[in-house]
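Okay, here's what each chain looks like letter by letter:
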Amino acid sequence: MSINKIMVIGAGQMGAGIAQVCAQSGFEVLLNDMNGEALQKGINTIKKSLARAVEKERMTEMGRENTLERLKPSNKLQDAASCDLIIEAVIENMEVKTKVFRELDKIMPKHAILASNTSSLPITEIAAVTNRPDQVIGMHFMNPVPVMKLVEIIRGLQTSDETHLVIEAVAKKLQKIPVEVNDFPGFVSNRILMPMINEAIYTVYEGVASPADIDSVMKLGMNHPMGPLTLADFIGLDTCLSIMEVLYEGFGDSKYRPCPLLRKYVKAGWLGKKSGRGFYEYS
């Protein structure tokens, strides 16, 4: 099966990045969002990213124009009827994702594949609401998508070998490195990363050191390019909390219990860089 046309659902930071790399790689792309303002913001984000790539001579002006020609905005799920692949990148919430997949299953052609960019939710559960669980798979991109090479390919219980091979080929065409992962809470990336971030938050909570000093220890002592608390602010503290709750619920192990300080910050609306305040302040 060949993939020619892709719809990306959700025009946020991740969705816009996924749509950009798909269009750059020669696919026809629909970037879909029901919120008109969010959709326009997503398109503008892509335009700025491509302009920077031209400025830094990573892309030609012709390449930028061709990429934008292949990219179209969409505000109706019905547009999925003409697509071979959907990559869903909506909020990390099972109820929202399953609602989207249930609707898409009715709209899309029989051959089409449904992929989720979920960072922690079980693909098997998402696939179960469709009549094509063998054609449902996870494609977990890393942020920022145009820069980061990794894509976790997550097979649900019923994901077919054919679906996996098609999506692996798509990832390679996007110039990404696909890594096959089984359907466990948090997959590999967040099962390892989030408990480290959570432990760093506990270290602040218990008064061991300041956020800046904790980040310095990890950068200078462990050679991490970014400290865990800076990274948490970049990811979004609400997203970090959501993933920790998935891990805690999925494994039932106290080592995954979200730090009370993380809950407090999220309740206060201190979500990190996107809200202007997290462990650091952003003007």
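Residues numbered from 1 in each chain as written. Predicted model: local features only at pLDDT ≥ 70, side-chain atom pairs only at ≥ 80, totals over all residues. Heavy atoms only, no water.

1. A short note on the nonpolar core
- The biggest cluster of nonpolar side chains holds 37 residues, and the ones touching the most others in it are L31, L85, I87, M139 and F141.
- Among the elements that line this core, the one with the most residues is helix 1 (residues 13-24), at seven residues.
- Every residue in contact with L85, bar those within four places of it in the chain, is listed here: I3, K5, I6, M7, M108, I113, A115, I167 and V170.
- With 24 residues, the next largest nonpolar core counts M108, A112, I154 and V246 among its residues. (Core = buried A, V, L, I, M, F, W, Y, C linked by side-chain atoms within 4.5 Å. Buried < 20%, exposed > 50% of the residue type's maximum accessible area, 1.4 Å probe, protein only. Helix = DSSP H or I, 4+ residues; strand = E, 2+ residues; numbered from the N terminus. Contact = heavy atoms within 4.5 Å.)

2. A closer look at the sheet that holds strand 1 (residues 5-9)
- Sheet architecture is open: eight strands sit in the order 3-2-1-4-5-6-7-8, paired in mixed fashion. Both edges of this open sheet fall to strand 3 (71-74) and strand 8 (177-182), since each of them pairs with a single strand only. Across the sheet, the mean angle from the axis of one strand to that of its neighbour is 25 degrees, orientation sign disregarded.
- Pairing of strand 1 with strand 2 (residues 28-32) involves five bridges; the strand directions are parallel. Across the sheet, the residue bridging to V8 is L31, located in strand 2.
- In this fold helix 3 (residues 61-70) packs onto strand 2 and strand 3, with an angle of close to 35 degrees to the strand it touches most, strand 3. (Pairing = 2+ DSSP bridges. Axes fitted to C-alpha atoms, helices over the stretch in contact; angles between N-to-C directions.)

3. Notes on the domain arrangement of the protein
- The domains assigned to the protein are domain 1 (5-182) and domain 2 (190-273).
- The distance between the C-alpha centroids of domain 1 and domain 2 comes to 27 Å.
- Contact with domain 1, which involves seven residues of that partner, is made by five residues of domain 2.
- Carbon and sulfur atoms supply 56% of the area buried between domain 1 and domain 2, which totals about 500 Å² over both sides.
- Interface area lost by domain 1 to domain 2 is led by E92, S119 and S120, which between them contribute 56%. (Domains from an automatic or database assignment. Buried area = accessible area lost by both parts, 1.4 Å probe.)

4. Some details on the UniProt feature "domain: 3-hydroxyacyl-CoA dehydrogenase C-terminal" (unreviewed entry) in the protein
- Here the UniProt-annotated "domain: 3-hydroxyacyl-CoA dehydrogenase C-terminal" (unreviewed entry) positions come out as residues 186-282.
- In residues 186-282, the share of helix is 62% and the share of strand is 0%. The end C-alpha atoms are 28 Å apart. (UniProt positions renumbered as here; feature names shortened; annotations may be inferred.)

5. Considering the pattern of salt bridges
- Counted according to the given criterion, the structure contains 10 salt bridges.
- Across the pair R64 and E61 runs a salt bridge whose closest N-O atoms are separated by 2.6 Å. With a gap of three residues between them, R64 and E61 both fall in helix 3, about one helical turn apart.
- Judged by its relative accessible area of 37%, E61 falls in the partly exposed class. (Salt bridge = Lys/Arg side-chain N within 4 Å of Asp/Glu carboxyl O.)

6. A short note on helix 6 (residues 161-173)
- With 13 residues, helix 6 extends 18 Å between its outermost C-alpha atoms, agreeing within 8% with the 18 Å of an ideal straight helix rising 1.5 Å per residue.
- Of all the positions in helix 6, only T163, H164, V166, I167, V170 and A171 are classed as buried. Projected onto a plane normal to the axis of helix 6, the buried residues spread over an arc of 165 degrees and lie on a single side. Along helix 6, exposed side chains directed more than 90 degrees from the buried face belong to D161, E162, L165 and K172.
- Buried residues along helix 6 sit in contact with strand 4 (85-88), strand 5 (113-116), strand 6 (136-141), strand 7 (150-155) and strand 8.
- A positive phi of about 65 degrees marks Q175, the residue just after helix 6. (Expected span 1.5 Å × (residues − 1). Arc of directions from axis to C-beta.)

7. Overview of the UniProt feature "binding site: CoA" (unreviewed entry) in the protein
- Here, UniProt's "binding site: CoA" (unreviewed entry) annotation points to S49, K56 and S119. What stands out for the annotated residues spanning 71 residues is how far apart their C-alpha atoms range, the widest pair being 30.6 Å apart.
- With respect to the helices, strands and loops of the structure, S49 is situated in helix 2 (residues 36-55).
- K56 sits in the exposed class, given a relative accessible area of 55%.

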